[in-house]
Amino acid sequence: MIDKFRNKFVEESLDNIHDLEEALFLLENDMDDKEIIERIFRAMHSLKGGGAMFGFNDLSEFTHHLETIFDLVRNDKLTIDNNIISLTFESIDHIKHLLDIGDITEEGDRLHQNQFIKRVQAAANSDSQTVTAQEEQISEIAPEKEIPSSQVYLIDFLPNEDILRNGTNPLYLLDDLHAMGQAKVISFIQNVPTLKDFDPINNYCHWQILLNTEDSINDIKDVFIFVEDECTLNINPVGKGNILELKDVQELITESQKNQVALTVESLNKFSAKREEIAPQESKAVNASTPTPKKTQQKEHKISSIRVASTKIDELVNLVSEMVTIQAQLHLYAENDGKPGILQLAESIQKLSRQLRDNAFEISLIPLQSELMRFQRLVRDLSNELNKEVDFVIEGGDIELDKNIIEHLTDPLLHIIRNSMDHGIETPEERVANGKPANGTINFKAYYSGASVIIKVTDNGKGIDSEYVRKKAISKGLIDENAELSKKEIFDLVFLSGFSTKEVVSDVSGRGVGMDVVKKKIGEIRGEVTLDSEIGVGTTTTLELPMTLSIIDGLLIKVAGNQYVIPISSIEKIHALDNSIKFTKNFNNVVTIEDRQYPYINLRNSFNEDEPDSKTGEEQIILIKYEEKLVALLVDQVVGEYQTVVKALGRFLKGQDNISGASIMGDGSISLVIDTNRLIHNELAKKYQKE
Amino acid sequence: MSGKPLSIISFYINNEVFAIDTLKVQNILELKTYTKVPNSKEYLLGVINLHGNIFPIADLRMMMKLKDFENTVDTSIIVISNDGKPESMIGLVVDSVKEVFDLSAETKLEEPVISGSTGLINSFIGTIKHNEDFVHIIDINDMVKEIEK
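Residues numbered from 1 in each chain as written. Chains lettered and ligands numbered in written order. Predicted model: local features only at pLDDT ≥ 70, side-chain atom pairs only at ≥ 80, totals over all residues. Heavy atoms only, no water.

Peer 1: What exactly am I supposed to notice about the overall build of chain A here?
Peer 2: On a plain count of helices and strands, chain A comes out with 22 helices and 22 strands. Taken over 691 residues, chain A has a buried fraction of 43%. A total accessible area of about 37500 Å² is found for chain A, and carbon and sulfur atoms account for 49% of it. (Helix = DSSP H or I, 4+ residues; strand = E, 2+ residues; numbered from the N terminus. Buried < 20%, exposed > 50% of the residue type's maximum accessible area, 1.4 Å probe, protein only. Areas by Shrake-Rupley, 256 points an atom, 1.4 Å probe, with all protein chains shown as cover.)

Peer 1: Looking at this structure, how should I read unusual backbone geometry?
Peer 2: With glycine set apart, most residues show a phi of negative sign, and most peptide bonds adopt trans. Residues and elements named next belong to chain A. You will see that glutamate 594, though not glycine, has its phi angle at about 45°, which is positive. Note on placement: glutamate 594 falls in the loop between strand S16 (590-593) and strand S17 (596-602). A residue is classified by how much of its surface remains accessible, and glutamate 594, at 54% relative accessible area, is exposed.

Peer 1: Please clarify how the interface of chain B and chain A should be interpreted in this entry.
Peer 2: In this assembly, 25 residues from chain B lie in contact with 25 residues from chain A. Buried surface at the junction of chain B and chain A, summed over both partners, amounts to about 2100 Å²; 55% is from carbon and sulfur atoms. For chain B, the biggest contributors to the area lost against chain A are Pro38, Asn39 and Ile54 of chain B; these three give 29% of the whole. The tally of links between chain B and chain A comes to three salt bridges. Two residues, lysine 36 of chain B and glutamate 609 of chain A, come together in a salt bridge whose shortest N-O distance is 3.4 Å. Where chain B packs against chain A, one counts eight residue pairs in polar contact (both at pLDDT 80 or more). (Contact = heavy atoms within 4.5 Å. Buried area = accessible area lost by both parts, 1.4 Å probe. Salt bridge = Lys/Arg side-chain N within 4 Å of Asp/Glu carboxyl O. Polar contact = N/O pair within 3.5 Å; in protein donor to acceptor, adjacent residues only side chain to side chain.)

Peer 1: What exactly am I supposed to notice about the sheet that holds strand S1 (residues 7-13) of chain B here?
Peer 2: Note on sheets: strands pair through backbone hydrogen bonds, and any given pair is parallel or antiparallel. Residue and element names in this part refer to chain B. Spatial ordering of the open sheet is given by S8-S1-S2-S10-S9, a layout of five strands whose pairing is mixed. At either end of the open sheet lies a strand with only one pairing partner, and these are strand S8 (96-102) and strand S9 (124-130). Taking the axes of each pair of neighbouring strands and ignoring which way they run, one obtains an average angle of 30° across the sheet. Of the pairings in the sheet, the one linking S9 to strand S10 (residues 133-138) comprises six bridges and is antiparallel in character. The residue bridging lysine 129 from the neighbouring strand is phenylalanine 134, located in S10. (Pairing = 2+ DSSP bridges. Axes fitted to C-alpha atoms, helices over the stretch in contact; angles between N-to-C directions.)

Peer 1: What is the right way to look at the nonpolar core in this model?
Peer 2: It is characteristic of soluble globular proteins that their nonpolar side chains tend to be buried jointly. Counting 55 residues, the largest nonpolar core has Ile557 of chain A together with Ile20, Leu60, Ile80, Ile138 and Met143 of chain B as its most contacted members. Here this core takes four residues from helix H2 (residues 140-148) of chain B, the largest share from any one element. The contact partners of methionine 143 of chain B, leaving out residues within four places of it in the chain, are Leu60, Met63, Ile80, Leu92, Ile121 and Ile138 of chain B. With 42 residues, the next largest nonpolar core counts Met421, Phe491, Met515 and Val518 of chain A among its residues. (Core = buried A, V, L, I, M, F, W, Y, C linked by side-chain atoms within 4.5 Å.)

Peer 1: Please clarify how the packing of helix H15 (residues 369-386) of chain A against helix H16 (residues 403-424) of chain A should be interpreted in this entry.
Peer 2: When two helices pack together, their arrangement is given by the angle between the helix axes and by the axis-to-axis distance. Residue and element names in this part refer to chain A. Taken N-terminus to C-terminus, the directions of H15 and H16 make an angle of 25°; their axes are 10 Å apart at the nearest point. In terms of their interaxial angle, H15 and H16 are classed as roughly parallel. Seen from above, H15 lies across H16 with right-handed handedness. Facing Glu371, Arg374, Phe375, Leu378, Val379, Leu382, Ser383 and Leu386 of H15, the residues of H16 in contact are Ile406, Thr410, Leu413, Leu414, Ile417, Arg418, Met421 and Asp422. Within the contact of H15 with H16, the residues separate by chemical class into ten nonpolar, two polar and four charged. (Parallel < 35°, antiparallel > 145°, perpendicular 65-115°, else oblique. Left-handed = near helix turned anticlockwise from the far one by under 90°. Nonpolar A, V, L, I, M, F, W, Y, C, P; charged D, E, K, R; others polar.)

Peer 1: Would you mind showing me how to read the confidence of the model for chain B here?
Peer 2: Segments scoring low in pLDDT should not have their predicted coordinates read at a detailed level. Mean pLDDT for chain B: 88, with 98% of residues reaching 70 or above. Summarising per-element confidence for chain B, the mean pLDDT is lowest in S9 of chain B (88) and highest in strand S6 (residues 76-81) of chain B (95). (pLDDT = per-residue confidence, 0-100.)

Peer 1: Explain helix H9 (residues 247-259) of chain A to me, please; I cannot follow it from the model alone.
Peer 2: Working note: α-helix, 3.6 residues per turn, so residues spaced by three or four point in the same direction. A rise of 1.5 Å per residue sets the reference length of H9 of chain A, with its 13 residues, at 18 Å; its end C-alpha atoms lie 18 Å apart and thus fit the reference within 8%. Those residues of H9 of chain A hidden inside the fold are in contact with strand S2 (181-188), strand S3 (206-213) and helix H10 (265-269) of chain A. (Expected span 1.5 Å × (residues − 1).)

Peer 1: Even after reading the chapter, I still don't get the packing of H16 of chain A against helix H20 (residues 515-524) of chain A, so can you show me in this structure?
Peer 2: Residue and element names in this part refer to chain A. Running from N to C, H16 and H20 point in directions that differ by 150°, and their axes come no closer than 9 Å. Classified by the angle their axes make, H16 and H20 are roughly antiparallel. The crossing of H16 and H20 is left-handed. Packed against H16, whose contacting residues are His408, Leu409, Asp411, Pro412, His415, Ile416 and Asn419, the element H20 presents Met515, Val518, Lys521, Ile522 and Glu524 at the interface. Looking at the contact of H16 with H20 residue by residue, the class counts come to six nonpolar, three polar and three charged.

Peer 1: I would appreciate a short explanation of the sheet that holds strand S4 (residues 44-50) of chain B in the present structure.
Peer 2: All names here are of chain B. Here five strands make up an open sheet; going across it, the order is S3-S6-S7-S5-S4 and the pairing mixed. A single partner strand is all that each edge strand has here, and the edge strands are strand S3 (25-30) and S4. Strand-to-strand twist in this sheet, taken as the mean axis angle between neighbours without regard to direction, amounts to 30°. On the sheet, H2 packs against S4, strand S5 (53-59), S6 and strand S7 (89-94) and is oriented at approximately 95° with respect to S6.

Peer 1: Sorry, what's going on with the side chain of threonine 541 of chain A here?
Peer 2: All names here are of chain A. Structurally, threonine 541 is set in strand S11 (residues 538-546). Relative accessible area serves as the criterion here: at 4%, threonine 541 is assigned to the buried category. Those residues in contact with threonine 541 that sit more than four places away from it in its chain are Ile416, Ile455, Lys456, Val457, Met515, Val529, Thr530 and Leu531.

Peer 1: Explain the packing of aromatic side chains to me, please; I cannot follow it from the model alone.
Peer 2: Residue and element names in this part refer to chain A. Under the defined criterion, the tally for this structure stands at nine aromatic pairs over all chains. Ring centres of phenylalanine 62 and phenylalanine 116 lie 5.3 Å apart, and the angle between their planes is 90°; this geometry places the pair in the edge-to-face category. Taken together, the positions of phenylalanine 62 in helix H3 (residues 57-74) and phenylalanine 116 in helix H5 (residues 107-125) put the pair 54 residues apart, joining distant regions of the chain. Among the aromatic residues, those joined into a cluster by ring pairs are Phe157, Trp207 and Phe224. The lysine or arginine in question, arginine 119, covers the ring of phenylalanine 116, its NZ or CZ lying 5.6 Å from the ring centre. In this structure, lysine 519 packs its charged tip against the face of phenylalanine 495, placed 5.6 Å from the ring centre. (Phe/Tyr/Trp six-rings, centres within 6.5 Å; stacked < 30°, edge-to-face > 60°. Lys NZ or Arg CZ within 6 Å of the ring centre and 35° of its normal.)

Peer 1: Help me understand the pairing of S10 of chain B in this model?
Peer 2: The side chains of a regular strand alternate, first on one face of the sheet and then on the other. Residues and elements named next belong to chain B. As paired elements, strand S2 (residues 16-21) and S10 share three bridges and run parallel to each other. Among the inter-strand pairings, phenylalanine 18 is bridged to a residue of S10, identified as histidine 136. Where S9 folds back onto S10 in an antiparallel hairpin, the turn is made up of two residues, including asparagine 131, whose phi is positive at roughly 50°.

Peer 1: Could you clarify how one ought to interpret the environment of valine 144 of chain B in this entry?
Peer 2: Looking at the element boundaries, valine 144 of chain B is found in helix H2. Residues valine 144 of chain B and serine 81 of chain B lie 63 residues apart in sequence; the distance between their C-alpha atoms is 9.2 Å. Setting aside residues no more than four positions away along its own chain, valine 144 of chain B makes contact with Arg651 and Phe652 of chain A together with Ile80 and Asn82 of chain B.

Peer 1: Even after reading the chapter, I still don't get a nonpolar patch on the surface, so can you show me in this structure?
Peer 2: On the surface, a nonpolar cluster with roughly 400 Å² of combined accessible area is contributed by Ile189, Val192, Leu195 and Phe198 of chain A. Its place among the elements puts leucine 195 of chain A in the loop between S2 and S3. (Patch = residues over 30% accessible without salt bridge, like charges linked within 9 Å, V, L, I, M, F, W, Y side chains within 5 Å.)

Dropping the structure here:
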């Protein structure tokens, strides 16, 4: 049971962290924005509160220290600078780690946590000074700071009448006292004469000050060092703890002011602030929480979305797909039946179910925005690591994609951006030398194009030398020395396995993951990836993705009486099996079409079906794109083009080769969706095995 | 061996009575058309569509390595899901479905007497005597693991 709540907390905390990161990025641009600081503070506060409640005590403690910084900031006691922002980013990572492991059990983690807390405390205590430099020094001071030993002093300040003649303004002295801590001033004006006897260059007032300060009595005396001879000064410690917080004392002060009767040490000494250690902190907490209710109410109004388990959405999409299928059957029946009433009803249902389908699919889409934060983070972190200045510009973050696609997209995009940061963007010096602005730019742009979504990642770095790529490919034996390739074809070589342009393996890119993996990953979600680059200008990586995984445009074909679907996106051309097509006699697996030879696969063979006794004349050859080649598939019959909903085959057929899913036809029958990449791969592998 | 089920559904295969836990059963269908899946295990006849879920059907008779069997009007598909999830659904083809009955607390599970091969169905929860028949209760979890191999 408690686990359930903990999981919920972790989930919510991740949302909070997400919000935190977003706010930090905004803060980086506008360090004075109060609203953002408030937002950060709120997010931290929720983390802290929730952490303590669900047994993440170390997380709670850590966040508390972090929160202190932003509490100081919002009370104008600390100014935001890059150090604080960087420290906070690091802290967020630490918080994520703590969420992962729960409470700290390992010694190493404990040490890390303690050091981190010290750094955070140092940042809270130092105003705009380097955090790390103070680290050691603070470690000694910190314990003292934790238990502030403040003392209230009663100061009787009776300046002489002629104090003003020396150019001393007693009010400035009072200001100095205010700066030392919390001060209450009682002014006594009973000595002020009537206007007739009033000399403007004389002083007629005296004051009593109650000061709560951590400084010593000598420090207070120092304030009056220049006026020692021109006034009567009595400084006495009174009470225990910060008695200024006590209501009785406050009343006493008000009364004394009203009646112009001086306070005595005796009258104050009987007071003691009981919770003296926590008092100053608590007062802060009270301050912190009082202005928030209005804000939280606003936030509640803003809730325009709800959280739904993704399985529920999958189920909804499933049911809707089913309904669309049934509706197609109904339509078929109504048309055959011919009764106008039924036909009309069927058409109304068709309209409705279409809307319902569109709606349901829309629900399963989520905006790219949710993942962009990670990329922004990556660019920021890498900028520091590589000493490069890079702006990350996002366009079209509101573009929506199927959540399964977005999940598959993260790793390839991280890799692409990493590449741009590492190989693309030059160092500021290099850039300036080449007449470019010192700051590099990585542009992330997403937009709709037909039924697909295009994502372009463009950097204005040094670009890729196509000649270099070509030579590299030749040296790796990927292409023939004499092969003439277009620029596009050359850049496509980058996606072949065993190709990595940078010789030195760095920490940033070159973790054994090349662009071929990017291509493979994007291919898994039926997307395409291309590269274009110009030397000195920059590189653009373009991803073309389907909007949803569950609907595909497919070509319905028949093999041995069974129906299959081939995704249209993988088809290059369809040929009727006429006399112009020649199967090579020597090698059974090559076919000549329009003066070109292609490897060919008979689907009947692949599916272990018997050869028919005679040709029907409906057989067709389909040219399929496979990596850089075209491969011909021989099928019994091409039925037509369909938009179909792809469903999984369930766990028992998960390891099924050649088939990636199934879809339900209008008449309720099933056709299997062919995974052409895998099919062709398997067939080619078979051949090699035979040899 | 899994625990004793509260209620079982019994069916005939080659005139012998077998049974599985009723709670795992999602549906019972007649054997109609199904779509062949190429390159799959022989006993997985193909896939069928039930309420928008597509799942495979496994012929228990083939799994038991029986040779001479034919499909009749009584041939049925028992749709089960051992963990209740749609993705774990699978149809079992049997000669005919017999009955559903509860197992009382007194009913004793006997170790099934096995002589020779039962093919791929080789894990049983136990055997009970019900009316005139010996009913062999198949361990679904083990069977599912076998199919998933």
